[in-house]
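Structural overview for review
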Amino acid sequence: MDNYSLKLLRSEVIASEDYPTAAENSSFRNGTQQTLLNNVDSSQRPHGVDVEMSWDDATWILTSSFIIFTMQSGFGLLESGVAASKNEVNIMVKNVVDVIFGGISYWIFGYGLSFGMSPGTNAFVGVGHFFVDSTDPSEIGWLFSHFIFNLSFATTATTIVSGAMAERTKLSAYILFSFINTIIFCFPVHWIWASNGFLRKLGAVDIAGASTVHLVGGTVGLVSTLMLKPRIGRFENGSREPPMGCPTNALLGMFMLWWGWLGFNCGSTFGISGNKWKLAARSAAVTIMGSASGGVVGIGFR
């Protein structure tokens, strides 16, 4: 995080008179629970959300979550468009599986392993909030908003791997993988996003899932490809690689992912109250211009 963003965070803590509870408890909190300028011992607070939320914040969080979930469609179109046409349906179904079985896994185990705060919780793993539910009016809002937002991150981490295994795995095996990978994702989440995670206590900061989503997804994808091994002899003796199944679908998927990244990055401010809306606006500009610059490089050096 650059100096400009940190100044905004400090101003929210020091100068905000409209949100005194947020100023007293935390300077800024995104979906990753980063408490950057806090004078209160984090061990004395829940490992999940530690700031009072307004309905504006909840609306922002949920809307961002819904946009992030559309990335499943983007990944499915991109992967099926690049793969052979005979495997299009299989790939699309696997992206559906990510949400179905990954969602159930995160609801049963994942959220609790990530942000649980019951006895037994430590710097390595959380305990509690299994089978996420609550009837307590004081926590319903933040609990379910937090759960849905982080669920969208969890399913995205698994979808990244689906591209690495495209056309190589049976649906039944992928269903099992989707369920298990969501649990794997939760341990790094606790390390860096929970208030007592050991990486967070060391000062590590992850605003929008660079480590928990992309590094975990990329690492699992690499392990998966090593386990599947190359198709030796498949494209030798003059055989040609099969053409893309549908370039139009691939490009449409790219546009949907582009849209989804705006929700991913801007939503990671985890609200718009105080000065967080300024960070969200700046994040939107950086996301658009960064991707546009990447496109220029990609086309220029094609």
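Residues numbered from 1 in each chain as written. Predicted model: local features only at pLDDT ≥ 70, side-chain atom pairs only at ≥ 80, totals over all residues. Heavy atoms only, no water.

1. What about the overall build of the chain?
Stated precisely, the cut-off is as follows: What counts as a helix is a DSSP run of H or I of at least four residues, what counts as a strand is a run of E of at least two, and both are numbered from the N terminus. Contact between two residues is taken to exist if any of their heavy atoms lie within 4.5 Å; hydrogens are not considered. Using a 1.4 Å probe, accessible areas were evaluated by the Shrake-Rupley method; residue-level cover was limited to the displayed protein chains.
For the chain, the helix and strand inventory stands at 11 helices and 0 strands. Moving toward the C terminus, one meets the helices and strands of the chain in the order α-α-α-α-α-α-α-α-α-α-α. The long-range fraction of contacts in the chain, counting pairs at least 24 apart against all pairs at least 6 apart in sequence, stands at 72%. Summed over its atoms, the accessible surface of the chain is roughly 14,900 Å², and 67% of this surface lies on carbon and sulfur atoms.

2. Comments concerning helix α6 (residues 140-164)
This is how it is decided: Residue count minus one, scaled by 1.5 Å, sets the expected span of a helix. Burial classes: relative accessible area under 20% of the type maximum marks a residue as buried, over 50% as exposed, and values in between as partly exposed (1.4 Å probe, protein chains only).
For α6, built from 25 residues, the straight-helix expectation of 36 Å at 1.5 Å per residue is met to within 8% by its first-to-last C-alpha distance of 37 Å. Of all 25 residues that make up α6, 18 are buried, and the element is covered over most of its length.

3. Observations regarding the side chain of E139
Mapped onto the secondary structure, E139 falls in the loop between α5 (88-115) and α6. Excluding its chain neighbours within four sequence positions, the residues that come into contact with E139 are H129 and S134.

4. Thoughts on unusual backbone geometry
Even without glycine at this site, K229 takes up a positive phi of about 65°. Among the structural elements, K229 can be located in the loop between α9 (210-228) and α10 (247-266). With relative accessibility at 51%, the residue K229 sits in the exposed group. A positive phi angle is found at F270, which is not glycine, with a value near 55°. The topology assignment puts F270 in the loop between α10 and α11 (276-300). According to the relative accessible area criterion, F270 is buried, its value standing at 1%.

5. Digging into α10
Given a rise of 1.5 Å per residue, 20 residues ought to cover 28 Å, and the 29 Å separating the end C-alpha atoms of α10 matches this to within 8%. Within the sequence span of α10, burial applies to A250, G253, L257, G260, G263, F264 and C266. Looking at the buried residues of α10, the elements they touch are α3 (55-69), α4 (71-82), α6, α9 and α11.

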